[in-house]
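Structural description and commentary
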Amino acid sequence: MGEITGRQRPARDRLMRAAADLFYANGIAATGIDAITEQAGVARKSLYNNFASKDELVLTYLTERHQEWLELHRARTAGARTARDRVLAVFDAYIDHAEAAYSHGFRGCGLLNAAAELPVGAPGRAAVREHKEEVEAILAESLTEALDAELAADLAEELSFLLEGAVARAGLEGTSDRLVRARTIAAALVDAELEDAA
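Quick look at the structure, then.

1. Quick word on the side chain of S160
- By the secondary structure assignment, S160 is in helix α8 (residues 149-173).
- Every residue in contact with S160, bar those within four places of it in the chain, is listed here: E136 and L139.

2. Concerning the packing of helix α4 (residues 54-77) against helix α5 (residues 83-99)
- Following both chains from N to C, one finds α4 and α5 inclined at 130°, their axes separated by 8 Å at the closest point. As judged from the angle between their axes, α4 and α5 are oblique. By crossing handedness, the relation of α4 to α5 is classed as right-handed. Residues R65, W69, L72, H73, R76 and T77 of α4 form the contact with α5, whose own contacting residues are R86, A89, V90, D92, A93, Y94, D96 and H97.

3. Brief notes about the packing of aromatic side chains
- The tally for this structure, following the rule as stated, stands at 4 aromatic pairs.
- Aromatic pair Y24 and Y102: ring centres 4.7 Å apart, planes at 25°, arrangement stacked. Taken together, the residues Y24 in helix α1 (residues 11-26) and Y102 in the loop between α5 and α6 (110-117) connect sequence positions 78 residues apart.
- A relative accessible area of 4% means that Y24 is categorised as buried.
- In this structure an aromatic cluster arises from ring pairing among Y24, Y102 and F106.

Reading the values: rules and limits
- Residues numbered from 1 in each chain as written.
- Predicted model: local features only at pLDDT ≥ 70, side-chain atom pairs only at ≥ 80, totals over all residues.
- Heavy atoms only, no water.
- Helix = DSSP H or I, 4+ residues; strand = E, 2+ residues; numbered from the N terminus.
- Contact = heavy atoms within 4.5 Å.
- Axes fitted to C-alpha atoms, helices over the stretch in contact; angles between N-to-C directions.
- Parallel < 35°, antiparallel > 145°, perpendicular 65-115°, else oblique.
- Left-handed = near helix turned anticlockwise from the far one by under 90°.
- Phe/Tyr/Trp six-rings, centres within 6.5 Å; stacked < 30°, edge-to-face > 60°.
- Buried < 20%, exposed > 50% of the residue type's maximum accessible area, 1.4 Å probe, protein only.

Pasting the structure below:
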């Protein structure tokens, strides 16, 4: 059995790949349905056979971006042994995200970029908020292994602010440097709290 080529992939997969590439590179509003179908190599009708609307396509894109990050995070936590390791795995997953190959370069968090374009109340904005809340909850859960729940929640919030600021600057600069620096700061903050708690 031979390898499946791009044109042999199901239309839905090709549409999602094209939408993900174009939404990330150009933004949601600037990316029309015709550009997506052209890059995917499918008819416009094929898009509407798979998605009820562009809004549904956007929501699917955001959901898949979230799942991609969770996979990066799972890979990074596989060898994590301590609360500190698990916290830093969150930063490592964001660094991995920044260092992935993008056809038009790294532009920051694709979820936040999309949320900035969506109106208040849009399902996509809710999906982005849920992702960010889950990242903070992962940090808090990791810290709860070594700190009391209230202190863990406070530190998780601080670390999530640090992470969001770093990913915004990394996106503006097009490199992972700010995220690497944020990881160093996060390690120092966690070490200080763990030392105080000991």
